[in-house]
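Overview (structure and organization)
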Protein chains: 4
Amino acid sequence: MSNDSGSVRRVPQKAEEGAARLAPRRGRPAGDHKAKRAELLKAATAVIAREGYAGASLRKVAQHAGHTTGAVTYYFANKEAMFTAVVESVFDEFDAFLETSRDPADVKTILNQWLNRTSADSDFWPVIFQLLAHARHEPAFAAIIERRYAKLREVLTTILERGQDEGVIRGDIPADLIADQLSAISDGWMMMLPVEPERFAPKRLQALLQATIALISPPSDVSDDRLGR
Amino acid sequence: MSNDSGSVRRVPQKAEEGAARLAPRRGRPAGDHKAKRAELLKAATAVIAREGYAGASLRKVAQHAGHTTGAVTYYFANKEAMFTAVVESVFDEFDAFLETSRDPADVKTILNQWLNRTSADSDFWPVIFQLLAHARHEPAFAAIIERRYAKLREVLTTILERGQDEGVIRGDIPADLIADQLSAISDGWMMMLPVEPERFAPKRLQALLQATIALISPPSDVSDDRLGR
Amino acid sequence: MSNDSGSVRRVPQKAEEGAARLAPRRGRPAGDHKAKRAELLKAATAVIAREGYAGASLRKVAQHAGHTTGAVTYYFANKEAMFTAVVESVFDEFDAFLETSRDPADVKTILNQWLNRTSADSDFWPVIFQLLAHARHEPAFAAIIERRYAKLREVLTTILERGQDEGVIRGDIPADLIADQLSAISDGWMMMLPVEPERFAPKRLQALLQATIALISPPSDVSDDRLGR
Amino acid sequence: MSNDSGSVRRVPQKAEEGAARLAPRRGRPAGDHKAKRAELLKAATAVIAREGYAGASLRKVAQHAGHTTGAVTYYFANKEAMFTAVVESVFDEFDAFLETSRDPADVKTILNQWLNRTSADSDFWPVIFQLLAHARHEPAFAAIIERRYAKLREVLTTILERGQDEGVIRGDIPADLIADQLSAISDGWMMMLPVEPERFAPKRLQALLQATIALISPPSDVSDDRLGR
DNA sequence: GATGAATGAGGCTTCATTCAT
DNA sequence: CATGAATGAAGCCTCATTCAT
């Protein structure tokens, strides 16, 4: 009776706004569950992005979402399950992003986007990086990441093969190996981004991207002159 | 070495004074001290390599070294100081390794070694990776890693410039940018190693290394034929 | 049955009234209610038998019964009420079992059945044991167990008195004291059963039963020879 | 600095008194550890006797001993380890009790003591009972109890054999079977003690003990008259 | 009438750190 | 100088119970 206040807390107007856009909100049926789960997932992602995996306690996630700790463990069996779901959701988001940007014909534009993904405003990279760091001791993470990374590289390979057919990508190295290199490069950048931000200042990043394109272009494409710095 | 000051709490110069006052032999006590410290450092490195940063508690380190909990907190002001020292020591070790392998004239051999460092039997990469993952929230880590990584890339740049002069490295991209790419590539590999071990099976790794060499070689070097898989 | 009052919170007589108001069939809803309650009770018994009282959470009971958490708290005021109902139901079941087996004339056969009850395939003993262990801190349990145990011993006393009249039970000890001893013996066995299963292997159990019969038989019955092992 | 108060709390004079009786307390060497451990063990025993296993949280044990929760987990790896130690210590105590009371020649006196152990002022029975109830789900408990119980029954068998030789115990039933029965009887009593205290009121208990002695005495010993109630 | 989302307390455990000895 | 006993906070998780729907 004295702590009734807490019960009303977590149904702010925002929730209703979102629901209201789709339906006039009758009877509060199912679907609420999924929505709440997604909300918590978003909170978990945000917390992990801001505080790292080590700092991502269930308590903080709950707090960030405006819930109690108990609520989190109601929606997720345990911490591992929660962050496993985070990995999946974050990959889903990235896949969706890729889907929308695959249409354009210019291979190099795509690659630029790809390599430049570090600057996407999503929390994709920080989160993946954090979870990756714990993958060795959380096999569930490793399994998902392996599977989804492989798929990403497949997509990239397809794009590169198209580029080789069109003559804009060097043909002396198999596309899957190039895809692997590009993937590794962007992974490496992502990893160092929080440590060496000035290494990725806009100007320098531009040069890096250009150099990367040069690495995978056919010899003739770059003519003779050195790339400027 | 430059920031030893923060690492030890109650053992400034007085340590040696005190020892000297009690016994005339003045080498041993200090040696003991340093030796024990190094022992703990090695234990810390081993623990972090095996259990990750999240699992690397001071207690485990003490246990692994066969010392008591108190010993750890006596030789290091706190956890941060201890693992800061680990970062330094691990880089020192890697620098020493580089030093010994820099002599040979063949640039490509060096690069092979460099890129292949993932397979070195030292704990360098797993440890760096773990500490890197926490660098954003442990500025002390970030500072050291940034400084030492920069130095590593400088060394690599020098080697690559020599290669460009000798004509075995493509000259159309500035050496520092190539160094950056190579560094990123090996970082990316290192990061994925625990998750996708089969991606780095000996055969595939060979192809990857060969492809990387191809990427940074002058066009003529690879002649016409595609690199095999 | 006598203390049903406490067991159900919000479903006094109104339950049937409410059901009757909505539908003309008046047998089903109440039947549904009782049936569901019984279902939950059975599940509770099974859970307590398998996981012990400590492991018998309302959630597990609900799960085992295939119902939701809310169902349990709807049909029972609280945990205590639920397990109180379990005690009653489990004694009811055992009483029914006794009723069916009391007819035969041979007193020793009955005693054998009684003492051998540990091997009955019902969950009677494990459940009673678990609830008994918590009786001191759950007075509701203690009250029921005391009452029903006393009744059991009364029945046993009656049987033993008949045996004394028939001359197959020793007459030098009052029947109620013998009943007490027998009750204690089987309690003691039941208690140790989970800990020392091999102490109750068929062969040894046979010898124990025979020895018990010998203890309560008139001197002449066992003649001179020692009971074999 | 502000909470120094707590550090001094748990070294009251009583501790020093006990130590002082044996030694003038120099340097506070080892032994302290064992003493503290024993202190916690005693607290654990007391708590389990008073509140049952279900109510015996580490928190309560620590509180009862005047320590923090952390202290408990410092002396015992975990809850299981602590209560395992409790089982052992409680059996040790009971063994010691038996040892001191085994000397007298009169077998029946010994048996009286044995059967009457329920009234011993130690926490032996309540504690054993509580731990026994959890033995099925805590194999460590079961193992210890099985071992030590077997030893107790061996001692009892030896005593009974002596009685048979002296002609005060009936010889028609093997001593080990009688020992088993007696053990079961006292177990059964112990189990019901908290539930039916009036069943073990002094007068009735006297009758029960007398009846038990009668059960295991040679026929001639009890003469003709019925045992009174 | 019945559900299941959510709570908040409490359980066990691990940990970095402090301090008397 | 060095130890290890002890702390107290925090982490994850389970649970009985409440309440809006």
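Residues numbered from 1 in each chain as written. Chains lettered and ligands numbered in written order. Predicted model: local features only at pLDDT ≥ 70, side-chain atom pairs only at ≥ 80, totals over all residues. Heavy atoms only, no water.

Attention now moves to the overall build of chain A. Helices and strands together make up the secondary structure of chain A, namely 11 helices and zero strands. Put simply, chain A runs from its N terminus to its C terminus through helices and strands in the order α-α-α-α-α-α-α-α-α-α-α. A burial count over chain A gives 47% of its 229 residues as buried. Taken as a whole, chain A presents about 11500 Å² of accessible surface, with 54% of it coming from carbon and sulfur. (Helix = DSSP H or I, 4+ residues; strand = E, 2+ residues; numbered from the N terminus. Buried < 20%, exposed > 50% of the residue type's maximum accessible area, 1.4 Å probe, protein only. Areas by Shrake-Rupley, 256 points an atom, 1.4 Å probe, with all protein chains shown as cover.)

Okay, the UniProt feature "DNA-binding region" (unreviewed entry) in chain A next. What UniProt calls "DNA-binding region" (unreviewed entry) maps, in this numbering, to residues 57-76 of chain A. Within residues 57-76 of chain A, the helical portion is 75% and the strand portion 0%, while the C-alpha atoms at the span's ends are 13 Å from each other. (UniProt positions renumbered as here; feature names shortened; annotations may be inferred.)

Next up on the list: the pattern of salt bridges. Inspection of every chain in the model, using the stated rule, returns 56 salt bridges over all chains. With a shortest N-O distance of 2.6 Å, Asp180 of chain C and Arg199 of chain D are connected by a salt bridge. Within this pair, whereas Asp180 of chain C is found in helix H9 (residues 175-192), its partner Arg199 of chain D is found in the loop between helix H10 (175-192) and helix H11 (202-216), the two belonging to separate chains. Residue Asp180 of chain C is classed as buried on the basis of its relative accessible area, which comes to 0%. (Salt bridge = Lys/Arg side-chain N within 4 Å of Asp/Glu carboxyl O.)

Our focus in this paragraph is the relation of the copies chain A and chain B. The operation relating the two chain copies consists of a rotation about an axis and a shift along that axis. It takes a turn of 180° to lay chain A on chain B, together with a shift of 0.1 Å along the axis; the resulting RMSD is 0.2 Å. Here the transformation between the copies is reduced to the relation of a two-fold axis. (Least-squares fit on C-alpha atoms with pLDDT ≥ 70 in both.)

As a further point, take the interface of chain A and chain B. A common measure of how large an interface is: the accessible area buried when the components associate. Across the boundary between the two partners, chain A contributes 57 residues, which contact 56 residues of chain B. On the chain A side of the interface with chain B, the three residues burying the most area are Gln181, Val195 and Leu215 of chain A, jointly 13% of the side's total. For the interface between chain A and chain B, the tally reads eight salt bridges. As a salt-bridge pair, Arg204 of chain B and Asp180 of chain A come within 2.7 Å of each other at their nearest N and O atoms. Between chain A and chain B we count 20 residue pairs in polar contact (both at pLDDT 80 or more) in total. Among the elements of the structure, helix H3 (32-51), helix H8 (124-133), helix H9 (139-166), helix H10 (175-192) and helix H11 (202-216) of chain A are those that each provide at least two residues to the side of chain A that touches chain B. The element best represented in the side of chain A that touches chain B is H10 of chain A, accounting for 13 residues. (Contact = heavy atoms within 4.5 Å. Buried area = accessible area lost by both parts, 1.4 Å probe. Polar contact = N/O pair within 3.5 Å; in protein donor to acceptor, adjacent residues only side chain to side chain.)

As a further point, take the packing of aromatic side chains. Under the counting rule described, the total for this entry stands at 36 aromatic pairs over all chains. Measuring from ring centre to ring centre gives 6.2 Å for Phe91 of chain C and Tyr149 of chain C, while their planes differ by 85°; the resulting arrangement is edge-to-face. Of this pair, Phe91 of chain C sits in helix H5 (residues 79-101) while Tyr149 of chain C sits in helix H8 (residues 139-166), placing them 58 residues apart in sequence. Take Phe91 of chain C and Tyr149 of chain C: they sit in the same class, and that class is buried. Linked through ring pairs, Phe91, Phe94, Phe124, Trp125 and Tyr149 of chain A together constitute an aromatic cluster. The side chain of Lys79 of chain A reaches across the aromatic face of Tyr53 of chain A, ending 4.9 Å from its centre. (Phe/Tyr/Trp six-rings, centres within 6.5 Å; stacked < 30°, edge-to-face > 60°. Lys NZ or Arg CZ within 6 Å of the ring centre and 35° of its normal.)

This paragraph deals with the interface of chain D and chain C. Contacts between chain D and chain C engage 56 residues on the former and 57 residues on the latter. Summed over both partners, the interface of chain D with chain C comes to about 4900 Å²; 58% of that surface belongs to carbon and sulfur atoms. When residues of chain D are sorted by the area they lose upon contact with chain C, Gln181, Val195 and Leu215 of chain D head the list and together hold 13% of the total. Scanning the region where chain D abuts chain C turns up eight salt bridges. Summed over the shared surface of chain D and chain C, the result is 20 residue pairs in polar contact (both at pLDDT 80 or more). Here the residues of the side of chain D that touches chain C sort into 30 nonpolar, 10 polar and 16 charged. (Nonpolar A, V, L, I, M, F, W, Y, C, P; charged D, E, K, R; others polar.)

Attention now goes to the relation of the copies chain D and chain C. With an RMSD of 0.2 Å, chain D superimposes on chain C once it is rotated by 180° and translated 0.1 Å along the axis. Of all interface residues in chain D, 100% are interface residues in chain C too; the two copies therefore contact each other through one and the same surface.

What follows deals with the environment of Leu132 of chain B. With respect to the helices and strands, the residue Leu132 of chain B is situated in helix H7 (residues 124-133). It is 7.6 Å that separates the C-alpha atoms of Leu132 of chain B and Ile145 of chain B, two residues lying 13 residues apart in sequence. Setting aside residues no more than four positions away along its own chain, Leu132 of chain B makes contact with Phe129, Met191, Met192 and Val195 of chain A together with Ile145 of chain B.

Residues and elements named next belong to chain A. Overall, the prediction assigns chain A a mean pLDDT of 80, with 77% of residues at 70 or greater. Least confident of the elements in chain A is helix H1 (residues 5-8), whose mean pLDDT is 34; most confident is helix H4 (residues 58-65), at 96. Under a pLDDT of 50 for its full length, residues 1-29 has, in the predicted model, eight contacts with residues more than four places off or in other chains. Long-range and interchain partners of residues 221-229, a stretch whose pLDDT sits below 50, account for 18 contacts in this model, where long-range means more than four residues apart. (pLDDT = per-residue confidence, 0-100.)

Ranked by internal contacts, the top residues of the largest apolar core, which has 143 residues, are Phe83 and Leu160 of chain A together with Phe83 and Leu160 of chain B. Residue contacts for Phe83 of chain B: discarding those within four places in its chain leaves Ala44, Ile48, Tyr53, Ala56, Val61, Leu131 and Phe141 of chain B. With 141 residues, the next largest nonpolar core counts Val127 and Leu131 of chain C together with Val61 and Ile145 of chain D among its residues. (Core = buried A, V, L, I, M, F, W, Y, C linked by side-chain atoms within 4.5 Å.)

Attention shifts here to the packing of H10 of chain A against H11 of chain A. All names here are of chain A. Here H10 crosses H11 at 165°, and the two axes come no closer than 11 Å. As summarised for this structure, H10 and H11 are arranged roughly antiparallel, according to the angle between their axes. Like other packed secondary-structure pairs, H10 and H11 cross with a definite hand, here right-handed. Between H10 and H11, the residues in contact are Ile178, Leu182, Ile185 and Trp189 and Leu208, Leu209, Thr212 and Ile216, respectively. A per-class count over the contact of H10 with H11 returns seven nonpolar, one polar and no charged. (Axes fitted to C-alpha atoms, helices over the stretch in contact; angles between N-to-C directions. Parallel < 35°, antiparallel > 145°, perpendicular 65-115°, else oblique. Left-handed = near helix turned anticlockwise from the far one by under 90°.)

Residue and element names in this part refer to chain C. Its place among the elements puts Tyr53 in the loop between helix H2 (27-51) and helix H3 (58-65). Taking the C-alpha atoms as reference, Tyr53 lies 8.1 Å from His134; in sequence the two are 81 residues apart. Look past the residues within four positions of Tyr53 in its chain and what remains in contact with it is Ile48, Lys79, Phe83, Gln130, Leu131, His134, Glu138 and Phe141.

Further remarks concern helix H8 (residues 124-133) of chain D. In terms of burial, H8 of chain D is largely enclosed, as nine of its 10 residues are buried. When we look at burial in H8 of chain D, the residues that qualify are Phe124, Trp125, Val127, Ile128, Phe129, Gln130, Leu131, Leu132 and Ala133 of chain D.

Residue and element names in this part refer to chain C. Where H8 contacts H9, the two axes come as close as 8 Å, and the packing angle between them is 125°. With respect to H9, the element H8 is oriented oblique. Remark: the crossing between H8 and H9 carries right-handed chirality. Contact residues: H8 offers Tyr149, Arg153, Leu156, Thr157, Leu160, Glu161 and Gln164, while H9 offers Ala175, Asp176, Ile178, Ala179, Asp180, Leu182, Ser183, Asp187 and Met190. Residue classes in the contact of H8 with H9 are distributed as eight nonpolar, three polar and five charged.

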